[in-house]
Amino acid sequence: PLMGGLFVASIGSGLIISRWGRYKIFPVIGTALMTVGLYLMSTISPTTGAWPTAAFMAVFGVGLGLVMQVLVVAVQNAVPYEELGVATSGATFFRSIGGSFGTAVFGAIYANLLVGNLARSLHGIKLPPSVSSQSIQPALLNKLPPAIHEGLVNGVAATVNRVFLIAVPIAFVAFLLSFLLPEIELRKSVQGGVDP
């Protein structure tokens, strides 16, 4: 659902921008939807159904789709034709760096929160000697006693919820910053080029 929303919003916004010639509204709406989607995903619990979960992911995906490619269009439109390649590669490079940095930061947050959440969820439950942090695999979960299974699932769910909740204010800051994006009229034709 997340990738489907991203795909539809990215293509749809591109088609609308090419006809309308305006792009600033898309990052504003996109970052707002991303903020809402992250908050909705922070409410997912082990008892949340598949349809609500899919809907929450789709909201985030649509928001992301409205932002990603539109920002590349904005960068390409803001520079002279001679600097188009540099601007495009720079935007792609910094997006890759941002994605890598974000993955590392949120992965570290997840890893640090998981231990405490598992300890709280499994408090007072005696683990069998065969169960260790190295032996827990998804296939083993259904073979565990119900109390241990529920404790592990609740600990992981609480950790994922907290990571999404931490991301909400960051997305909200992006929403506020999106209002600062200048809207420059899209080029009607390609200027420059190689002389014959």
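Now for a look at the structure at hand. Position numbers for residues count from 1 along each chain, tracking the sequence in the order it is written. With pLDDT at 70 or above as the cut-off, local features in this predicted model cover only qualifying residues; side-chain atom pairs require 80 or more to be listed or tallied, and sums for whole chains, interfaces and linings still use all residues. Side-chain metrics rest on all non-hydrogen atoms present in the structure, leaving aside hydrogens and water.

**A few points about the packing of aromatic side chains**
Centre distance within 6.5 Å is the pairing criterion for rings of Phe, Tyr and Trp, where only the six-membered ring of Trp is used; planes under 30 degrees apart are then read as stacked, over 60 as edge-to-face, and the remainder as tilted. Enumeration according to the criterion identifies four aromatic pairs in this entry. Pairing Phe 175 with Phe 179 gives two aromatic rings, centres 5.2 Å apart and planes at 80°, and the pair type is edge-to-face. Given a relative accessible area of 44%, Phe 179 falls into the partly exposed group. In this structure an aromatic cluster arises from ring pairing among Phe 172, Phe 175 and Phe 179. Relative accessibility decides the category of a residue: with a 1.4 Å probe and only protein chains considered, values under 20% of the type maximum give buried, values over 50% give exposed, and everything between is partly exposed.

**Considerations on the environment of Leu 38**
Structurally, Leu 38 can be placed in helix α2 (residues 25-41). Contact criterion: two residues are considered in contact whenever any of their non-hydrogen atoms come within 4.5 Å of each other. Every residue in contact with Leu 38, bar those within four places of it in the chain, is listed here: Phe 60, Phe 164, Ala 167, Val 168 and Ala 171. The helix and strand labels rest on DSSP assignments: H or I over at least four residues marks a helix, E over at least two residues marks a strand, and numbering proceeds from the N terminus.

**Concerning a nonpolar patch on the surface**
A cluster of nonpolar residues, Phe 7, Val 8, Ile 11 and Leu 15, forms a patch on the protein surface that exposes about 400 Å² of accessible area. By the secondary structure assignment, Val 8 is in helix α1 (residues 2-20). In this scheme, patches are assembled from residues that exceed 30% relative accessible area and form no salt bridge. Like charges are connected within 9 Å, while nonpolar side chains (Val, Leu, Ile, Met, Phe, Trp, Tyr) are connected within 5 Å. In these tables, accessible area is a Shrake-Rupley quantity obtained with a 1.4 Å probe, and a residue counts as shielded only by the protein chains included in the view. One speaks of a salt bridge when a side-chain nitrogen belonging to Lys or Arg is within 4 Å of a carboxyl oxygen belonging to Asp or Glu.

**Regarding the packing of α2 against helix α3 (residues 50-78)**
Axis definition: a line fitted to C-alpha atoms, over the contacting stretch in the case of helices. Angles run 0 to 180 degrees between N-to-C directions. Contact geometry for α2 and α3: axes closest at 7 Å, N-to-C directions at 150°. Considering the angle they form, α2 stands roughly antiparallel to α3. You can see that α2 and α3 cross each other, and the crossing is left-handed. Residues Phe 26, Pro 27, Ile 29, Gly 30, Thr 31, Leu 33, Met 34, Val 36, Gly 37, Leu 38, Leu 40 and Met 41 of α2 lie in contact with α3, whose contacting residues are Phe 56, Met 57, Val 59, Phe 60, Val 62, Gly 63, Leu 64, Leu 66, Val 67, Val 70 and Leu 71. Classifying every residue of the contact of α2 with α3 gives 19 nonpolar, four polar and no charged. Each angle gets one of four labels, with under 35 degrees taken as roughly parallel, over 145 as roughly antiparallel, 65 to 115 as roughly perpendicular, and the rest as oblique. By the definition used in this description, the sense in which the near helix is turned from the far one sets the handedness, with an anticlockwise turn below a right angle giving left-handed and a clockwise turn giving right-handed. Side-chain classes follow a simple rule in which Ala, Val, Leu, Ile, Met, Phe, Trp, Tyr, Cys and Pro form the nonpolar group, Asp, Glu, Lys and Arg form the charged group, and the remainder, Gly included, forms the polar group.

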